[in-house]
Amino acid sequence: MSKMKKIFSALALSVLLAIPAPTLAAPASGKAPELQKWSFAGIFGTYDTNQLQRGFQIFQEVCSTCHGASLIAFRNLTEAGGPEFPESQIKQLASEYYIIDPELEEGERPAILADQWPNPFATEREAREVNGGALPPDFSVLAKARNLAKKFPMNFYDMATAYQEGGADFIYNLLVNYEDEPPHGVEIADNQQYNSFLGRGIAMMSPLMEELVEYDGDGVPLTVEQYAKDVTAFMYWMADPHLVSRKTIGLNVLIFLSVFALLMYLVKRRIWAGVKH
Amino acid sequence: MTLATNVKNDPTRRDFLYVTTAAVGAVGAAAAVWPLIDQMNPDATVKALAVIEADLSAIEVGQSVTFKWRGQPIFIRHRTAAEIETAKAVPLEDMIDPQTDAERVIAGHEQWLVMVGICTHLGCVPLGQKPDDLKGDFNGWFCPCHGSHYDSAGRIRKGPAPKNLLVPPYEFMSDTLVKIG
Amino acid sequence: MSSHSNYNPTNPVEKWFDERLPLIRFSKEHLMDFPTPKNINYWWTMGAVLAIVLVVQIVTGIILAMHYVPNIEMAFDSVEHIRRNVNYGRIIQGTHAVGASMFFFAVYIHMFRGLYYGSYKAPREILWILGVIIFLLMMATSFLGYTLPWGQMSYWGATVITNVFSAIPLVGTPILEFLRGGFVVDNPTLNRFFSLHYLLPFIIAAVVALHIWALHVPGNGNPTGVEVKSNADTIPFHPYYTMKDLFVIVVFFIPFAWFVFFAPDILGHADNYIRANPFVTPAHIVPEWYLLPFYAMLRAVDFDVLFINAKLGGVIVMFGSILILMVLPWLDKSKTRSGNYRPMFKPFFWLFVLNFLMLMYLGAQVAEGIYVILSKVGTAYYFGYFLIVLPILARIETPKPLPNSISESILDKHEAKAAKKIQIGGEGNE
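These numbers were taken from a predicted model, which means no experiment stands behind them.

*Asks:* For this particular structure, what's the right way to read the overall build of chain A?
*Replies:* In terms of helices and strands, chain A carries eight helices and four strands. When the elements of chain A are put in sequence order from the N terminus, they spell out α-α-α-β-β-α-α-α-β-β-α-α. Classification of the 277 residues of chain A by burial places 44% in the buried group. For chain A, the computed accessible surface area is about 14500 Å², with 56% contributed by carbon and sulfur atoms.

*Asks:* What's the story with the side chain of C:Asp233 in this structure? I'm lost.
*Replies:* Residues and elements named next belong to chain C. Its place among the elements puts Asp233 in the loop between α9 (187–216) and β2 (234–236). No salt bridge is formed by the buried Asp233, whose closest oppositely charged neighbour, Lys229, lies at an N-O distance of 6.7 Å. Ignoring anything within four residues of it in the chain, the contact list for Asp233 reads Thr36, Pro37, Lys38, Glu227, Val228, Ser405, Ile406 and Ser407.

*Asks:* Would you mind going over the pattern of salt bridges with me for this structure?
*Replies:* Charged atoms that come close allow side chains of opposite charge to pair. Within the structure shown, the criterion is met by 28 salt bridges over all chains. For B:Arg77, the salt bridge goes to B:Glu83, with nearest N and O atoms at 2.8 Å. With respect to class, B:Arg77 is no different from B:Glu83; both count as buried. A salt bridge links C:Lys121 to C:Asp332, with the shortest nitrogen-to-oxygen separation between them at 3.1 Å. Placement of the pair is C:Lys121 in the loop between α5 (89–117) and α6 (125–147) and C:Asp332 in the loop between α13 (328–331) and α14 (345–363), with a sequence separation of 211 residues. Side by side, C:Lys121 and C:Asp332 carry an identical accessibility label, which is buried. Overlapping salt bridges, with partners in common, bring together C:Lys121, C:Asp332, C:Arg342 and C:Glu397 in one network.

*Asks:* Just checking my understanding: could you explain the sheet that holds strand β2 (residues 64–69) of chain B for this structure?
*Replies:* Residue and element names in this part refer to chain B. Here three strands make up an open sheet; going across it, the order is β2-β3-β4 and the pairing antiparallel. The open sheet has two edge strands with one neighbour each: β2 and β4 (112–116). Averaged over all adjacent pairs, the angle separating strand axes in this sheet is 25°, with direction ignored.

*Asks:* Explain the interface of chain C and chain B to me, please; I cannot follow it from the model alone.
*Replies:* Note on interface size: it is often stated as the accessible area lost on association of the parts. Every contact between the two is made by ten residues of chain C and, on the other side, twelve residues of chain B. Carbon and sulfur atoms make up 62% of the area that chain C and chain B hide from each other, which totals about 990 Å². The largest per-residue losses of area from chain C upon contact with chain B belong to C:Asn85, C:Asn87 and C:Tyr88, which jointly make up 50% of the total buried on that side. Summed over the shared surface of chain C and chain B, the result is zero salt bridges. Our enumeration of links across chain C and chain B arrives at five residue pairs in polar contact (both at pLDDT 80 or more). In terms of residue class, the side of chain C that touches chain B is built from six nonpolar, four polar and no charged.

*Asks:* Explain the interface of chain C and chain A here, please?
*Replies:* The interface is formed by 46 residues belonging to chain C together with 47 residues belonging to chain A. Taken together, the two surfaces of chain C and chain A that pack against each other cover about 4200 Å², and 73% of this comes from carbon and sulfur. The largest contributions to the chain C side of the interface with chain A come from C:Arg84, C:Phe261 and C:Phe262, which together make up 19% of the buried area. Our count for the chain C to chain A interface comes out at one salt bridge. Its salt-bridge partner being C:Asp265, residue A:Lys144 comes within 3.8 Å of it at the nearest N-O pair. For the pair chain C and chain A, the interface holds twelve residue pairs in polar contact (both at pLDDT 80 or more). Of all elements in the fold, only α4 (75–84), α5, α10 (237–262), α14 and α16 (406–424) of chain C reach the threshold of two or more residues within the side of chain C that touches chain A.

*Asks:* Mind showing me how you'd approach helix α7 (residues 224–239) of chain A here?
*Replies:* It helps to recall that an α-helix has 3.6 residues per turn; residues three or four apart then point in one direction. Its 16 residues place the ends of α7(A) 22 Å apart at the C-alpha level, agreeing with the 22 Å of an ideal helix rising 1.5 Å per residue. Across the 16 residues that make up α7(A), a large majority, 15, are buried.

*Asks:* Even after reading the chapter, I still don't get the pairing of β4(B), so can you show me in this structure?
*Replies:* Remember that side chains alternate between the two faces of the sheet whenever the strand is regular. All names here are of chain B. β4 sits mainly inside the fold: five of its five residues count as buried. On β4, burial covers both faces: Trp112, Val114 and Val116 on one face and Leu113 and Met115 on the other are all buried. Bridge count between strand β3 (residues 72–78) and β4: five bridges; the pairing is antiparallel. Looking at β4, one finds that Ile76 is bridged to Val114.

*Asks:* Is there a simple way to explain the nonpolar core in this structure?
*Replies:* Nonpolar side chains in soluble globular proteins tend to end up buried together. C:Tyr108, C:Leu115, C:Phe135, C:Phe294, C:Tyr382, C:Tyr385 and C:Phe386 are the most contacted members of the largest nonpolar core, which totals 128 residues. If one sorts the elements of this core by residue count, α5(C) sits on top with 15 residues. When we break this core down by domain, the ones giving at least three residues each are domain 2 (38–219 + 233–285) and domain 3 (293–403) of chain C. Listed in part, the 50 residues of the second largest apolar core include A:Ile58, A:Leu142, A:Val224 and A:Tyr236.

*Asks:* Honestly, a negative patch on the surface in this entry has me stumped. Any pointers?
*Replies:* All names here are of chain A. Side chains of Glu210, Glu211, Glu214, Asp216 and Glu225 sit close together on the surface and give a patch of like negative charge. Locating Glu214 in the fold gives a position in the loop between β4 (200–202) and α7. What makes Glu214 exposed here is its relative accessible area of 62%.

*Asks:* What is the right way to look at the confidence of the model for chain A in this model?
*Replies:* Detailed reading of the predicted model is not advised wherever pLDDT is low. Summing up the model confidence of chain A, the mean pLDDT is 89 and the portion of residues at 70 or higher is 89%. A low-confidence stretch, residues 14–26 of chain A stays under pLDDT 50, and its non-local contacts, those more than four residues away or across chains, total 19 contacts.

*Asks:* Please explain the state of the cysteines as it appears in this structure.
*Replies:* In protein structure, a disulfide is the covalent linkage between the sulfur atoms of two cysteines. Residue and element names in this part refer to chain B. For the coordinates displayed, the defined rule picks out one disulfide over all chains. The disulfide bridge from Cys124 ends at Cys145, spanning 2.1 Å between sulfur atoms. Between Cys124 and Cys145 the disulfide shows an S-S torsion of about -105°. By sign, it is left-handed. Of the two residues, Cys124 is situated in the loop between β4 and β5 (139–143) and Cys145 in the loop between β5 and β6 (148–151); the sequence distance between them amounts to 21 residues. Left without a disulfide partner, Cys119 is nearest to the cysteine sulfur of Cys143, which lies 3.9 Å away. With a relative accessible area of 2%, Cys143 lands in the buried category.

Definitions and limits used
Residues numbered from 1 in each chain as written. Chains lettered and ligands numbered in written order. Predicted model: local features only at pLDDT ≥ 70, side-chain atom pairs only at ≥ 80, totals over all residues. Heavy atoms only, no water. Helix = DSSP H or I, 4+ residues; strand = E, 2+ residues; numbered from the N terminus. Buried < 20%, exposed > 50% of the residue type's maximum accessible area, 1.4 Å probe, protein only. Areas by Shrake-Rupley, 256 points an atom, 1.4 Å probe, with all protein chains shown as cover. Lys, Arg positive; Asp, Glu negative; His and termini not counted. Salt bridge = Lys/Arg side-chain N within 4 Å of Asp/Glu carboxyl O. Contact = heavy atoms within 4.5 Å. Pairing = 2+ DSSP bridges. Axes fitted to C-alpha atoms, helices over the stretch in contact; angles between N-to-C directions. Buried area = accessible area lost by both parts, 1.4 Å probe. Polar contact = N/O pair within 3.5 Å; in protein donor to acceptor, adjacent residues only side chain to side chain. Nonpolar A, V, L, I, M, F, W, Y, C, P; charged D, E, K, R; others polar. Expected span 1.5 Å × (residues − 1). Core = buried A, V, L, I, M, F, W, Y, C linked by side-chain atoms within 4.5 Å. Domains from an automatic or database assignment. Patch = residues over 30% accessible without salt bridge, like charges linked within 9 Å, V, L, I, M, F, W, Y side chains within 5 Å. Charge placed at Lys NZ, Arg CZ, Asp CG, Glu CD. pLDDT = per-residue confidence, 0-100. Disulfide = S-S within 2.5 Å.

This is the structure we're talking about:
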C-alpha cells in the first residue's frame, strides 16, 4: 500500500475508534433516549409470541379507539411469525367489528378474517374533531415511520449491526417519558401534555398507566414500562409481519453465499494458477 | 509450487472443484428464481377469500341468495318440499347430464342447494335467483344468453349447456353456517 | 472491430445458423475469446457487477410492476400490499430498493477507477462519455423510482427536484408545469414518473451495449496505462475473467443480502413510511445517499452572480458537475494514463475522493453555518480539480518511467517479489 493510503487509513481508523459510544440523534431538545433490548433485533431476532399477544391486547383495549390499523387484516393475527392467536378466537373477535359496505341493505356487516381492521373514525375530519384537532396516526407502519438514526459516522455502526429498531426505541421512549408538568419556562398548548423525550408538548395525553390492562396469568408486571414494551413490539410486528421468515431466509442466504464465494475463489485461483499476472 | 503442479495435472481433483461449484451455483440459482415465479401465484389476500362462510339463517324457505366466492356468484337456494320432490322424481334418461338430486346436495341438508351461478355453456349468469326472474321451463334457472333451462336441482334439461350447474366443495359447520371452498 | 474469434462450427445446424445470424460467433468473440490484459486488478470487476445489478433491477422491477398501482390513492398501499401479501413480495421489493443503492455503490467505484487510471483518455473518450450518460440516466431512473412509493420523501423530493427546472429563465415555469402535468406534483406526475421509470432502464441497457462496444474497439485499459502490444500481454476473457468476475459478483451479493434481509430500511428514510401530504413538509428533505454530493453542490450556491440568481446558479453548478465529466478527456492532457506513475497527481486524486465523500456528508446536513462554508469549499475543489489541477499537472508533472509493455511489467513485479523474499531470508522458491 502506498504511503499516502497508509496515512489516510490510519487517520480514518483513529477517527472511528475515537468515538466511544454511539451518539444518538434525540429529537428536538429532548433527553437522550434509552435503547431497549428487543427480542426481534439482530440477525437471530424473532418475535416473542406472548409479548405480541399482550401488545395486541393493549392495542385493542387502549389504542384502537383512536388509532386505526388499516393495513392489518384480522387473519394476520392468526398467521405464523405473529401473535398466532387461534383462528376461532379471531373469527369471534372479527365478528364484533363492523365493515361498512354500501351495497348491503344495512350498509354494514360483521367483519371476517379476510377483512382489514376497520378505522375507528369514518373520516379524517371526524378523527380531528374528537381529538382536539390532532389526527391520531394509523398504526400500520408507524413503527417504521419513526427512527433514532445515529449521525455519521456511527450510522455505519448501525449498518454493521443491522439496527432497525429505531422506530421501536422511539415509540417506547415516547410512551414512558410523559411528565405531569412541563419544566420551568416551557410553554405548551392547552390540549397537550409535556413529553421529556420529545422535549415538547404532544396532543396525545399519556395513554398508559399502571394496572390499566389486566394480563391473563403470567406474572408479567403491570407497569407502564411493561405495557410500553409490549405494545411497541406489537406495533413493530404490524409494520413488519414477515420479520421472522425474512431473517431465517437471510441467514440461509448469507451462509450459502459465503460457501459459494469460497468455492468461486478456489475456482478462480485454480484457473489462474498457471498464469503470471 | 510442486504441490500446485500436482493438483493442476490431477483431473479428478480439479473436476471435483468445478463440478461442486457448478452444482452449488445451480442450487443457488434455482432458489433465487423460485420466488420470482411464485410471486405470480395467488397472493395472501386472494387466498384469504378462497374459502368463505355463508350464513343461511336469514334465507327463508323458497328464497334464493347470491354469495360471492372466488370472484364467482354462488346460488344458494332454500328449496321448498315441492321443489325437492320434483327434483327427485325426474328419471335419469330425461337428463342431458344425468345426476340424481342426492348427488348434488348433502344428506340431511337436502333443502339447501349450493351451486356456482355460471352457465356451463359460455359463462353467463343465469336468471332465477329473484322471485320475479324468469325460471325457465323446469322452474329452476334460465340462461337468457342462449336459452339453457336448469331444473330445481340446477341440472341442465334443455338448451345448449353441456353440464349441470357446478356444485362447489362445501360443508355444513352448523345447520345455518356453510363453508364453501 | 478486430476479429479475434476462432469459432469454427462443425455441427451442420450451427453452421446453418452462423451463416444467417452469427450470434454464437459474436458471443464467442466478445464474451469468451476476447483478449484481455493479464494484469487488470480487482478494480476492473465492477463493470460485470454493474451489468448483473442492472439485470436484477430490471427483473425485480418488472415483477413489482405486476402488483404496483401508480395512482396517488393506491400507490402507498400497493407497495405495502406487495410487502405483506404477494408471495415473497417483501424480499423482491427489498431487493429492488437496496439494489438501487448497490448499483450506485458499484458505479462510484467504477468511475473512481476510471479517474485514477486515466481510463477516459484517448482512444477511450467515447467510452467514457457513454459512461457519463449511463450515470445521468441512472440518476434520473433512481429519482423517478423513489417517487413511486408516494411517501413524504417521495412527494417532497419530487417537488424540490422538479422545482429545479423553474430556475430556467423565461421558459422555466411552463417547463415545470409540463413536467408535472399540473401546478404541483400530483397524480399526473406520479403516473408519468412510473411510465418513465419503466422505460429508462431499457435505454440504460442500450447505452450499456454501446459502452461495451466502445470498449471492445481499443480493448480494456490496465493498471499500467500501457496499451496491449502483443498476445503475450493478454489472455482470453473466458475462463479467466468470467470466473474472476463471477467470484466478485458472489462476494458483492453478501453485503447486498445483508441489507435486504437484515437492514432493508436503513439506507432509506423513516419519513417515507408516512403517506405523502402536500400540506405538511418534513423537517429535513433529503435525497437518497447516492445523490447527496450533487445535492450539496446545488445548495452551496446561495448567492447571486450578476444576472444569475442563486437558484439558477445552483442548478447550473449541479448539472455542470456532471457535464464537466464529459469534457474530462480534453481537460487532462497528460500523456501518462495511470495514477500509479503520476506521483504529483496521486494526492490530488485522493483529496478529490475525500472531498466527494465530504460533499456526500454535507448533502444530508442542514444548510446552515459551517456546513454551508464547507459545501462551498468542496464545490470549489470539485471544479478546481477538473478545471485547474488536472490541466496544470499535465504540463508540469514528471511521471515515473513506464514499463515497456504489460508482460514486462508483470515480469518486473514478480522479480521484485522474488527479490524481496530472498531479502527477508525465506527459503528459495525453485
